[in-house]
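Chain by chain, the residues:
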Amino acid sequence: MTLLAFARGPAMQAATLIMIAGMFWRLAGILLLRRKTAHAAARTPFLLRLAGGAKTIVTRTVPRKNFWPRVASGVSLGWVLHIGLFVILFAGAPHILVIHQITGLSWPNLPKGVIVIASALTLAALVALLARRLTHPVLRLLSNTDDYLSWLLVFLPISTGILLSGETVAGYGTLLALHIFSVEALMIWLPFGKLMHVALVFAGRGMMGFNFARKGAAT
Amino acid sequence: MSDQTAAPDQENLGAMLARRGFGRRSLLKFAIVMTSSLALPPSLAPVMADNLAKAKRQSVIWLSFQECTGCLETLLRSSAPTIDSLIFDFISLDYQESLMASAGAAAEHTLRQAVAANKGEYLLAIDGSVPVKDGGVYSLTGGRSNVSMLEEFAGSAKAILAIGTCAAYGGIPKAHPNPTGAVGVEDIISGKPIVNIPGCPPVPEVLSGVLVYFVSFGKLPDLDDRKRPLAYFGTTIHDQCYRRPFYDQGKFAKSFDDEGARQGWCLFELGCKGPTTHNACASLKWNNGTSFPIESGHGCIGCSEPDFWDQGSFYTSLAGSSATGWRNAGIAAAVGLAGGAAAALSARSKTPTIPEDKS
Amino acid sequence: MRDFNFLADDTLVDALLAEIAGLMENLAARNISGSIDLLGLPLSAACLALLEQRLGTGEITATLTAAGSSEIRETSFSGVWWSSHADETGRIVAMLIDVALVPEILKANTDDVRLSHRRLLDATGSFPHRRSA
């Protein structure tokens, strides 16, 4: 079996199953934990509590004004990273094709040049964030394997992807296999480290907003 | 130098062609076409013509194994005479079961004679895969297994040409579940120069090119890491495809016969394997330069690559894959749910209540 | 021959003309011939047409009938020949620029001459002693 056939076949199947099982494991494992009983009566109806949760998910994207000077660099770089990833994954023709093949949905793509620019900016943001993590005294102390491994597993798919789109450095088949392998590595690690924030960020912010709304607090 | 007094099997090719009314100019024209095809410098054409004129007819012994005869058909039954049909004047096809008149014991005798007369000098051409399971019983000629014949006749061959994807890599018989244990020639023979000429079927000009090179220069052309002639397999279909500008501009046909397809846009999204397939058909084309799959509106299926039949659907693009089905995904989700629930329950049992703040 | 080009036509043609000039210098100074295989280059039909136009037509056009038809035409530049070879079906199978005093394929070959000489003698029944009589 060629490397590419393995990447597109058994490896993709295994990675997908591990990612699905892992994500369900972690979500179930967190959501089914014991929670503090709320003895007070709810101040708001259920729908408003849900709305509070939804609002918090969105509003926490932007830090509060008083924190801004301290968190500006990290948050801005984070925006560039996440918006760049969004553009690559949802506006790039080959990725829309993957989604189409799984779900049947598709939509128009952005030109290749735009995706390349987005990829370059995302990679630059990633490098800058790593540099920040390595030089910031507090961050350096706090950082562990999870942080660095997660960084690497996001960096590799984008960099192999940009090489693949340029069809340079190695043959197309080799580059495609490497790109797919890097995505599979990301998929396998995703449920088990901080990358699980792809689901937990919504769960975490949502729960908090829901609970605040229940208490009648601002969200 | 031509030598008219030599016996027919001793005379060189120049004399033989002259006898048939082909002067040196025909030979030089043929050499010009061949050097272009082989991506050799055009200045080598007169050298090639000279060498061909002085050469003797090259003995070729052709054994057909587990094959559909498509490779032989494509190579030997051109619809119209072309300049490279001259190649069949340069080789002496001393044995080929589908074409020769004799059969049975007479055929076996022909084979033995041909091998004995050209021992150490003949090119062994193989088409079809070689089944090895159960002692190779799934493909027999005169009661004898392909494996056994290959091992014997490869021994006294100068070099082996594995013609077609089946002979090169196992091809269609090797497709999952490969019930006959089919393999390519290179999986059985080592220590002998082998040239793989894959394709399902292969492009006829590639075989002509390899044979001409061998007869002219006495050695095989440069090969890549899959033993394919670099001159023909050095680039991918993608790199030679006339629809490449559409790929670069992001113009893809989304379904067969949609507007994009009618405009001749790139077929990547319809499963074209051009980017990962090495062959010469995008430039040499089929049927004397008539067309090739992409030009006829269908994506490349990668027929010159190993295991092309087992790469998932021909209509799943390279961006997609043979991902897991919804049933398996459901099972994985259930397993995850069960595991997570067990972990949560275990945690819950360790903390019966969450203590209230004392303040 | 691929149908697309990724450089402007006149850029490629200029590059080819420069190469031809180099070959001509070799021919004039050292009597060394050279050729450019046009079908081996990524030239569009428009590019080939432009090249043909820039090279122009000279004094000689020769038609060769051997394994199909071929045309060898001197361009307006002495020593630069445009050779176009077709097979029996009329399909162009080779196209070259030959830079030579005379393209190799136009010359008669010594072996061919020898064979033709014998053929002529057989046909006319001529022998050297007869002519002296």
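In every chain, residue numbers begin from 1 and rise along the written sequence. Going through the entries in the order they are written, you letter the chains from A and number the ligands from 1. Since the coordinates come from a predicted model, pLDDT governs what is reported: local features require at least 70, and pairs of side-chain atoms require 80 or more to be given and counted, while whole-chain, interface and lining totals use all residues. With hydrogens and water excluded, all non-hydrogen atoms of the structure serve as input to the side-chain values.

Describing the side chain of B:T316
Locating B:T316 in the fold gives a position in the loop between α14 (281-284) and α15 (326-350). Two residues form a contact once any of their heavy atoms are found within 4.5 Å. For B:T316, the residues in contact, after removing those within four places along its chain, are A:R8, A:Q101, B:G271, B:K273 and B:S321. Elements are defined by DSSP. Helices are runs of H or I of four residues or more, strands are runs of E of two residues or more, and each kind is numbered from the N terminus.

With respect to the sheet that holds strand β3 (residues 69-74) of chain C
Between any two strands, pairing holds if DSSP finds at least two bridges. Spatially, the five strands line up as an open sheet ordered β1-β5-β4-β3-β2 (chain C), and their pairing is antiparallel. Each edge of the open sheet carries a strand with a single partner, namely β1 (34-37) and β2 (61-65) of chain C. Direction aside, the axes of adjacent strands within the sheet are offset by 20° on average. Pairing geometry for β2(C) and β3(C), over five bridges, is antiparallel. Counterpart to C:L64 in the pairing with β3(C) is C:S70. Every axis corresponds to a line fitted to the C-alpha atoms, with the helix fit spanning only the stretch in contact, and the corresponding angles, defined between N-to-C directions, vary from 0 to 180 degrees. Against the sheet, helix α2 (residues 24-37) of chain B contacts β1, β2, β3, β4 (80-86) and β5 (92-99) of chain C, and its axis sits at roughly 95° relative to β5(C). Each of β1, β4 and β5 of chain C is contacted by helix α1 (residues 9-30) of chain C, which is oriented at about 160° to β1(C), the strand it contacts most.

Considering the confidence of the model for chain C
On a range of 0 to 100, pLDDT expresses the predictor's confidence in each residue. For chain C, per-residue confidence averages 87 on the pLDDT scale, and 88% of positions sit at 70 or higher. By mean pLDDT, helix α4 (residues 128-132) of chain C is the weakest element of chain C at 51, and β4(C) is the strongest at 96.

Looking at the side chain of C:R73
Here C:R73 is to be found in strand β3. Nitrogen and oxygen atoms within 3.5 Å of one another constitute a polar contact, given that in protein one can donate a hydrogen and the other can accept it, and given that sequence-neighbouring residues count only through two side-chain atoms. Looking at C:R73, its side chain comes within polar contact range of the side chain of C:E71, at 3.4 Å.

Focus: the arrangement of the chains
The top pair by number of contacts, from a total of two pairs of chains in contact, is chains A and B. Taking C-alpha atoms only, the smallest gap left between chain A and chain C, which are not in contact, amounts to 16 Å.

As for the sheet that holds strand β9 (residues 194-197) of chain B
Residue and element names in this part refer to chain B. Taking strand neighbours across the sheet as the criterion, the five strands line up as β2-β1-β3-β7-β9 in an open arrangement whose pairing is parallel. The open sheet terminates on both sides in strands that have one partner only, identified here as β2 (91-95) and β9. Taking the axes of each pair of neighbouring strands and ignoring which way they run, one obtains an average angle of 25° across the sheet. Where strand β1 (residues 58-64) meets strand β3 (residues 123-127), five bridges bridge the pair, whose relative direction is parallel. Directly across from W62, in β3, lies its bridge partner A125. Here helix α7 (residues 146-155) sits on the sheet in contact with β1, β3 and β7 (159-163), set at roughly 160° to β3.

Structural notes on the interface of chain B and chain C
Counting from both sides, the interface comprises 28 residues of chain B and, opposite them, 31 residues of chain C. Summed over both partners, buried area is the accessible surface (1.4 Å probe) that two parts give up on being assembled. For the pair chain B and chain C, the summed buried surface comes to about 2500 Å²; carbon and sulfur atoms form 61% of the total. Within this document, salt bridges are pairs made up of a side-chain nitrogen of Lys or Arg and a carboxyl oxygen of Asp or Glu, the two lying within 4 Å of each other. Linking chain B to chain C there are one salt bridge. Note that B:E205 is salt-bridged to C:R91, the shortest N-O span being 3.8 Å. Linking chain B with chain C are eleven residue pairs in polar contact (both at pLDDT 80 or more). Mapped by element, the contributors of at least two residues to the side of chain B that touches chain C are α2, α11 (237-240) and α12 (244-249) of chain B.

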